[in-house]
Amino acid sequence: MPVLLFLIDTSASMNQRTHLGTTYLDVAKGAVETFMKLRGRDPASRGDRYMLVNYEDVPFGIKAGWKESHATFMTELRNLQATGLTTIGQSLRTAFDLLNLNRLVTGIDNYGQGRNPFFLEPAIIIAITDGNKLTSGGGVQDELHLPLTTPLPGSELTKEPFRWDQRLFALVLRIPGNTSVEPEPLGGVPPDDSPITPMCEVTGGRSYSVFSQRMLNQCLESLVQKIQSGVVINFEKTGPDPPPLEDAPAEALKSGLQPWHCCHKLIYVRPNPKTGVPIGHWPIPEAFWPDQNSPTLPPRSAHPHVRFSCLDAEPMVIDKVPFDKYELEPSPLTQYILERKSPHTCWQVFVCNSAKYSDLGQPFGYLKASTALNCVNLFVMPYNYPVLLPLLDDLIKVHKFKPTIKWRQSFENYLKTMPPYYIGSLRKALRIMGAPNLLADNMEYGLSYSVVSYLKKLSQQSKIEYDRLIALIGKKPPSEAGIKVRWRGGGISLAQRRDFIQQLQSLTGDVPTLELNPKEFQGFHLALLNKGLKPQSFRNPYDIPRSHLLDQLSRMRRNLLNTSVCTLRGQDSDQFHSVPIAQMGNYQDFLKAAPQPLRDADPEQPKRLHTFGNPFKLDKKGMMIDEADEFVTGPQNKGKRPGDSSSMPGGGPKRRRCMSPLLRLGRAYTPPVSPPASPRTSSDMDLSDGAPDPDLIINHLNQNHYGSDGSSDSDGEHPSSDLQENHTDHRDEEENGRPQAGEPPLGGDGGAEMVLMEEQPTRYLSPAALKKHIHTETTKVNNELRALINKEIRKPGRHYEKIFLLLKQIQGTLDTRLIFLQNIIKEAARFKKRVLIEQLENFLEEIHNRSISMNHVDTL
């Protein structure tokens, strides 16, 4: 899974404009989007991870890291602004530390145990800059310097800040501000001469000097091709040059340093087509012999220095003995080897100081041209393979896996010359061959106890640092105190004053043409030299226009008299809502500035989405439907043509009804309080109320608080107490929010803010209107109850407690309830719920009996 990290220059110089009218920062943003589109054509791009870093300080410069999604990456990319300095050294160090944050936890680098090319995390850093001077808080620098100190644990184990599977490429924008008359040069894009170029070459990458949009697109296509899984290795020649070929040209016979003598190139590590992960067996040896008594590890270089000998040797491969094969990136070395046209010979490779008693070390593999002479491969074999492979060949063919004493002595002598960290790889290879018992299980791996403990401690510290940095990513930098620039409007601009123009003319000698927009810097903040001094928030009273004096005076009086109630305000309440048209749709910024809402008290309530422009959109997961509709979460009319009339019966899609916030499972329905009306008749009285007090007038809709047995509902709250508490709360709110009668208003502005509300007489509805209102409310509640009960009936199982809990909340007369209950029985019969039907019939019979007894009592 390659990691693609974009390092975008956000210094102020990126605001310069090209001849196309766009700024350099706009060009950089467009280049990132174009690169992602080109990369998306490759099926292997599904596992890509994109990161974004700019030139701000840590951690604010990390806009998208290990945890951020693709949408966050694109949002942060669009919101980049060029306002800082060119601190490319610090930003590069931040990018490398971000990539190396998790390596000690996963053990990719395998310190002290050899380098495994097949255990890698390929990363490409694409820096987009303008190549200007390197500015920082300490001045202007001529060379690129990376900070030596870093909070990353374990950084002292590697000399360089990068690793061998990380490469840096730079796109240096040199697009002119005016259209060039000269034609663009054809061919490849040349490297740039900016200070970042040496850093690119050290990591195995390169820089591009971009002079036009066409060259930029060409560079992006080239960068997409550079995304390869591999590691960078330094190849250096040791010993004499090979003998020249008979038909070699005269240029090849030159003595001295040749380009192929030292190459800094990539070897491709191809993933396994079945698993998608590279598979390997043998490491590249370390540049030191591990000592059991050493308390620390020597720091290693990021790229291993592999020396190759030009003496021709026979390539050795034995059946059942695994080996690793890596293709070299095209380079002068590969070109020289292919020109010799000798695919049956090889050049052995070494790592200096890898052996115990030899400076050059023993060979661990060889370079060999392919049989078709189209590429050069690096074969990684067991350490000192010219000694081990003949021993293993004799074990297989001569001894038939039954080693003799002499063979064991030779094998023991070989193990003494092999680095101890090869024990694990050799044991796996012998197991593949069928001889797993040749090595003892108690053989040491070469690291001391103190080194192992130190590596474990670094792993734990890296995990803590990783969690700390991940938590800080996304936070905005604290805003520095400053003086806000205000446009005072109405006055003559400085560029239009005659004395100012005459002064410039006397200094320069010609008439200047100034086009200054006084509104251009509106909203800017001027930095303060003394950070401890807070700027004055209030303006000079002499700066207030005469027409605004009365308004300002009222605001000052309000702030003076109401300081204990609210914060100071410099605007009227209506001015807070005076937003320019260009900012009216900026709803996301409003949500970010709003305080975090409290957790919803009822998790079953469907959450309302924050969709600006459509406040009535609901989450479809919590929607309710009528009993005749179907709840389908997937796409409708799958497999039908758009023009097919049969796909929409009835001329349109079915309407769905959302869940009413008044109806919740397990909670009684509390309707709005109606005004008092005439007393009910005995037929309208609730069947379970008993004998009511004739002096009390009870709301007809409050009957649902009582069950059939005369007890209260599951909530256990009396309706009258609810009404009393609501009335008390409402009265308290009036007392807190409005002054009581007889109290003088604080700082009144002619009664503009504080108004005393007089009590209004209660409005009574006519009996016909009240009856119609009650019937409407009853029908609405019963319809919602029916939908909930039908939904419970359709559920599997025999849990019917919730159904009877809802049946107790039916509204209306006795006939209405009986008809409602008969419809529920029919619905249960449709789903063949025999047990439920029996319980419903018993419930129906109980209601009949209670109604008869109630009528008998009333007649007495």
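Here the structure is a predicted model, which is why all the values come from computation and not from measurement. (Residues numbered from 1 in each chain as written. Predicted model: local features only at pLDDT ≥ 70, side-chain atom pairs only at ≥ 80, totals over all residues. Heavy atoms only, no water.)

## Details of the overall build of the protein
Put simply, the test is: Think of it this way: any DSSP run of H or I at least four residues long counts as a helix, any run of E at least two long counts as a strand, and we number them from the N terminus. Relative accessibility thresholds used throughout: buried, under 20% of the residue-type maximum; exposed, over 50%; partly exposed, between the two (1.4 Å probe, protein chains only). Whether two residues are in contact is decided by their heavy atoms: any pair within 4.5 Å suffices. Each accessible area value is a Shrake-Rupley result obtained with a 1.4 Å probe; residue values ignore everything except the protein chains displayed when judging cover.
A tally of helices and strands in the protein yields 19 helices and 17 strands. Put simply, the protein has 860 residues, and 38% of those count as buried. Taking all contacts inside the protein whose residues are at least 6 apart in sequence as the whole, residues at least 24 apart take part in 75%. Carbon and sulfur atoms make up 54% of the accessible area of the protein, which amounts to about 53000 Å² in all.

## A closer look at helix 1 (residues 24-40)
For clarity, the cut-off: To estimate how far a helix should extend, the number of its residues minus one is multiplied by 1.5 Å.
Its 17 residues place the ends of helix 1 24 Å apart at the C-alpha level, agreeing with the 24 Å of an ideal helix rising 1.5 Å per residue. Buried residues in helix 1 make contact with strand 1 (3-8), strand 2 (49-53), helix 2 (70-78), strand 4 (123-129), strand 7 (166-173) and helix 6 (213-226).

## Structural notes on helix 8 (residues 385-397)
To be explicit about the condition: In this description, one arc is meant: the one made by directions from the helix axis to the C-beta atoms.
Under the 1.5 Å per step criterion, the end-to-end length of helix 8 is 18 Å for 13 residues, consistent within 8% with the ideal 18 Å. Inspection of helix 8 places Tyr385, Leu388, Leu389, Leu391, Leu392, Leu395 and Ile396 among the buried residues, and these make up the whole buried set. Burial along helix 8 is one-sided: seen end-on, the buried residues are contained in an arc of 160°. The inward-facing, buried residues of helix 8 abut strand 13 (346-351), strand 14 (365-369), helix 9 (405-417) and helix 10 (423-433).

## Re unusual backbone geometry
Backbone torsion omega between Val58 and Pro59 reads 0°, so that peptide bond is classified as cis. With respect to the secondary-structure elements, Pro59 resides in the loop between strand 2 and strand 3 (62-64). In this model, Lys320 sits at a positive phi of 75°, which is unusual for a non-glycine residue. Inspection of the secondary structure assignment puts Lys320 in the loop between strand 11 (305-313) and strand 12 (324-328). In the Ramachandran plot, Phe401 falls in the positive-phi region, its phi being about 65° despite a non-glycine side chain.

## Concerning the pattern of salt bridges
Rules: Salt bridges are defined by distance alone: a side-chain nitrogen of Lys or Arg within 4 Å of a carboxyl oxygen of Asp or Glu.
This structure, assessed with the given rule, holds 19 salt bridges. Here Lys63 ties to Glu56 by a salt bridge, and the two come within 3.2 Å at their closest N and O atoms. Overall, Lys63 belongs to the buried group, its relative accessible area being 14%. In this structure Glu56 comes out as partly exposed when scored by relative accessible area, which is 29%. A salt bridge links Glu286 to Arg300; the shortest N-O distance between them is 2.4 Å. Of this pair, Glu286 sits in the loop between strand 10 (262-268) and strand 11 while Arg300 sits in the loop between strand 10 and strand 11, and the two are 14 residues apart along the sequence. Classification of Glu286 as buried rests on a relative accessible area of 1%. For Arg300, a relative accessible area of 9% puts it in the buried group. Through salt bridges with shared partners, a single ionic network connects Arg103, Asp109, Arg163 and Asp165.

## Thoughts on the sheet that holds strand 9 (residues 230-238)
We apply this condition: Here the rule is simple: two strands pair whenever DSSP picks up at least two bridges between them. Angles here are taken between N-to-C directions and fall from 0 to 180 degrees, while the axes themselves are lines fitted to C-alpha atoms, restricted in helices to the stretch in contact.
Strand order in this closed barrel of seven strands is 9-10-12-15-14-13-11, and the pairing throughout is mixed. The sheet shows a mean angle of 40° between the axes of neighbouring strands, direction not considered.

## A closer look at the packing of aromatic side chains
To be explicit about the condition: Only Phe, Tyr and Trp rings take part, Trp by its six-membered ring, and two of them pair if their centres are within 6.5 Å. Stacked means planes under 30 degrees apart, edge-to-face means over 60, and tilted covers everything else.
In this structure the tally under the stated criterion is 19 aromatic pairs. Centroid distance Phe6 to Phe73: 6.1 Å. Interplanar angle 50°. Geometry classified as tilted. In this pair, Phe6 is assigned in strand 1 and Phe73 in helix 2, connecting sequence segments 67 residues apart. For the residue pair Phe6 and Phe73, the accessibility class agrees, reading buried in each case. Ring plane angle 5° and centroid distance 4.1 Å describe the contact between Trp260 and Tyr336, whose orientation is recorded as stacked. On the criterion of sequence distance, the pair formed by Trp260 in the loop between strand 9 and strand 10 and Tyr336 in helix 7 (residues 332-340) is long-range, its members being 76 residues apart. The same class applies to Trp260 as to Tyr336, namely buried.

## Brief notes about the packing of helix 1 against helix 6
Two quantities define a packed helix pair, namely the angle between the axes and the distance from one axis to the other. Short version of the rule: Angles below 35 degrees are treated as roughly parallel, those above 145 as roughly antiparallel, those between 65 and 115 as roughly perpendicular, and all remaining angles as oblique. By the definition used in this description, the sense in which the near helix is turned from the far one sets the handedness, with an anticlockwise turn below a right angle giving left-handed and a clockwise turn giving right-handed. Three classes are used: nonpolar for Ala, Val, Leu, Ile, Met, Phe, Trp, Tyr, Cys and Pro, charged for Asp, Glu, Lys and Arg, and polar for all others, with Gly counted as polar.
Running from amino to carboxyl end, helix 1 crosses helix 6 at an angle of 45°, the nearest separation of the two axes being 10 Å. Here helix 1 is positioned oblique relative to helix 6, judged by the angle of their axes. Every pair of crossing elements has a handedness; the one defined by helix 1 and helix 6 is right-handed. Residue-level contacts link Val27, Ala31, Thr34, Phe35, Leu38 and Arg39 of helix 1 to Leu216, Asn217, Leu220, Glu221, Leu223 and Val224 of helix 6. Of the residues belonging to the contact of helix 1 with helix 6, the class tally is eight nonpolar, two polar and two charged.

## Structural notes on the sheet that holds strand 1
Spatial ordering of the open sheet is given by 3-2-1-4-7-8, a layout of six strands whose pairing is mixed. Each edge of the open sheet carries a strand with a single partner, namely strand 3 and strand 8 (207-210). Strand-to-strand twist in this sheet, taken as the mean axis angle between neighbours without regard to direction, amounts to 20°. Along the sheet, helix 6 contacts strand 4, strand 7 and strand 8; its crossing angle with strand 8, the most-contacted strand, is approximately 165°.

## Things to note about the pairing of strand 12
Of the two faces of strand 12, the one holding Asp324, Tyr326 and Leu328 is buried and the one holding Lys325 and Glu327 is not buried anywhere. Looking at chain direction, strand 10 and strand 12 are connected through two bridges and run antiparallel. Directly across from Tyr268, in strand 12, lies its bridge partner Glu327. Examined bridge by bridge, strand 12 and strand 15 (residues 376-380) share four bridges and lie antiparallel to one another. Within the sheet, the bridge partner assigned to Lys325 lies in strand 15 and is Phe379.

## Examining the pairing of strand 7
With eight of eight residues buried, strand 7 lies mostly within the body of the structure. Neither face of strand 7 is exposed, since Gln166, Leu168, Ala170 and Val172 on one face and Arg167, Phe169, Leu171 and Leu173 on the opposite face are all buried. Alignment of strand 4 against strand 7, held across seven bridges, turns out to be parallel. Residue pairing for strand 7: Ala127 is matched across the bridge by Ala170. Here four bridges tie strand 7 to strand 8, and the two strands are oriented parallel to one another.

## Observations regarding the packing of helix 1 against helix 2
Put simply, helix 1 and helix 2 touch, their axes get as near as 10 Å, and they point 155° apart. As judged from the angle between their axes, helix 1 and helix 2 are roughly antiparallel. Every pair of crossing elements has a handedness; the one defined by helix 1 and helix 2 is left-handed. Residues Lys29, Val32, Glu33 and Met36 of helix 1 pack against His70, Phe73, Met74, Leu77 and Arg78 of helix 2. Counted by class, the contact of helix 1 with helix 2 contains five nonpolar, one polar and three charged residues.

## Things to note about the side chain of Ser425
Relative to the helices and strands, Ser425 resides in helix 10. Residue classification places Ser425 among the buried residues on the basis of a relative accessible area of 17%. Not counting chain neighbours up to four residues away, the residues in contact with Ser425 comprise His281, Trp282 and Pro283.

## A look at the nonpolar core
The nonpolar side chains of a soluble globular protein tend to be buried with one another. Where we set the bar: Take the buried Ala, Val, Leu, Ile, Met, Phe, Trp, Tyr and Cys residues and link them wherever side-chain atoms come within 4.5 Å; each set so joined is a nonpolar core.
By size, the foremost hydrophobic cluster in this structure holds 60 residues, and its most contacted members are Phe235 and Leu426. With seven residues, the single largest contributor to this core is helix 8. Every residue in contact with Phe235, bar those within four places of it in the chain, is listed here: His261, Cys262, Cys263, Ile267, Val306, Phe308, Leu328, Leu333, Leu367 and Leu378. In terms of nonpolar packing, the next biggest core, distinct from the first, is built from 38 residues, Leu80, Ile126, Tyr208 and Val210 among them.

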